[in-house]
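Next come the chains, spelled out residue by residue.
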Amino acid sequence: SSASNYFLDWIDGQRRALVGAPRQDIIVETTLDAGLEAMAASTARSVVTRHQAQNVTQAALVALDGQGRVRAMVGGLDYTTAPYNRAVTAKRQAGSAWKPFVYLTALEAGWTPDAPVVDEPFIIGTWSPQNYSNTYAGTLTLEQAVAQSTNTVAARLADEVGRANVAATARRLGVVSPINTDPAMALGTSLVSPLEMAQAYAAFGNGGNRAQAYGVERIRTVSGQVLYQRKPAPQAAVIANPALSDLNRMLRGVVRSGTGAKAAIAGYDLAGKTGTTSDYKDAWFAGYTGGLTTVVWMGNDNGAP
């Protein structure tokens, strides 16, 4: 399919790096689930079409299992007209999809979902965070602040636990792009790819283990010679309890009654986080359930809102 070509371009880069040889007649056994890939591609196209009134023209998607296997990848709506892989190569501000790294850092420092926080105006240096609603709710619990994606709480929390510590958390989970530590970093001003975000979120749903995304299981010649065989390696534990279970509880609340409520599916245990960037240039959802983590980005190649 057109969407599969984005994935194949990505793994071709992996193949050449792994084999160190020019193109030849080979068989590459990938991690891709053909059914999920087709579903992801058709859904991306239909959702963008449905929301043309919101001036959205592109989408990207990455779905990983708990071991890091890429089960679906959509780099754009039409490979033949736009082969650029937005799932891997494009980097966009993460918006509020970044906030779980802030809250995880706080949970690891001793905060709890029931801890009281205050949504109110405040200033860090010369910068003052604003909520999308331009209103303030007063006293909330940490769990409520996550569900409603309250900017003031996330920004104040990152300042208290240390923005460098938040960056270290994101790096530990799988974000590899440069991370800024200015006051607005808590609201997702760093540029990341959907693939990076999927790696990081996978640890939330797989028991707290680092997931390194990969797309190639084995490469062999048509005659049967094995050129490459992926060797399973133990996954490093990067999140421990109670912080992990507390974060999962909070991100379930996002889907149950917060900004991610439209992602709820009856009968499924879902958790995740929405993300919207300044001027509505990027829209994200990162979610997970049952060993599968999926990150979706929607927006425009030219950065139009």
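Look up: the structure comes first, before these words.
Residues numbered from 1 in each chain as written. Predicted model: local features only at pLDDT ≥ 70, side-chain atom pairs only at ≥ 80, totals over all residues. Heavy atoms only, no water.

Considering the nonpolar core
Line of reasoning, step 1. Among the nonpolar cores identified, the biggest contains 63 residues, and Trp98, Phe101, Tyr103, Leu173, Met197 and Phe204 are the most heavily contacted of them.
Line of reasoning, step 2. Discounting residues that sit within four places of it in the chain, leucine 173 has contacts with Phe101, Leu104, Gln199, Ala200, Ala203, Phe204, Arg210, Val238 and Ile239.
Line of reasoning, step 3. Listed in part, the 13 residues of the second largest apolar core include Ala44, Val47, Val74 and Met298. (Core = buried A, V, L, I, M, F, W, Y, C linked by side-chain atoms within 4.5 Å. Buried < 20%, exposed > 50% of the residue type's maximum accessible area, 1.4 Å probe, protein only. Contact = heavy atoms within 4.5 Å.)

Structural notes on the packing of aromatic side chains
Line of reasoning, step 1. Evaluation of the coordinates by the stated rule reveals seven aromatic pairs.
Line of reasoning, step 2. Taking 6.3 Å as the distance between ring centres and 65° as the angle between the ring planes, the aromatic pair formed by phenylalanine 101 and tyrosine 201 counts as edge-to-face. Separated by 100 residues along the polypeptide, phenylalanine 101 in helix 3 (residues 99-108) and tyrosine 201 in helix 7 (residues 194-205) bring together distant segments of the chain. Tyrosine 201 matches phenylalanine 101 in its accessibility class, with the two residues each being buried.
Line of reasoning, step 3. For the ring pair phenylalanine 204 and tyrosine 288, a centre distance of 6.1 Å and an interplane angle of 55° mean the geometry is tilted. Of this pair, phenylalanine 204 sits in helix 7 while tyrosine 288 sits in strand 11 (residues 282-289), and the two are 84 residues apart along the sequence. Grouping residues by exposure puts phenylalanine 204 and tyrosine 288 together as buried.
Line of reasoning, step 4. Within the aromatic cluster, the residues linked to one another by ring pairs are Trp98, Phe101, Tyr201, Phe204 and Tyr288.
Line of reasoning, step 5. We note arginine 156 situated over the ring of phenylalanine 122; from NZ or CZ to the ring centre the distance is 4.2 Å. (Phe/Tyr/Trp six-rings, centres within 6.5 Å; stacked < 30°, edge-to-face > 60°. Helix = DSSP H or I, 4+ residues; strand = E, 2+ residues; numbered from the N terminus. Lys NZ or Arg CZ within 6 Å of the ring centre and 35° of its normal.)

Section: the pairing of strand 5 (residues 116-119)
Line of reasoning, step 1. Every second residue of strand 5 is oriented toward a common face, the buried set being Val117 and Asp119 and the non-buried set Pro116 and Val118.
Line of reasoning, step 2. Relative to strand 6 (residues 138-141), strand 5 runs antiparallel, the two being bridged by four bridges. Residue pairing across strands places valine 117 opposite leucine 140, the latter belonging to strand 6. (Pairing = 2+ DSSP bridges.)

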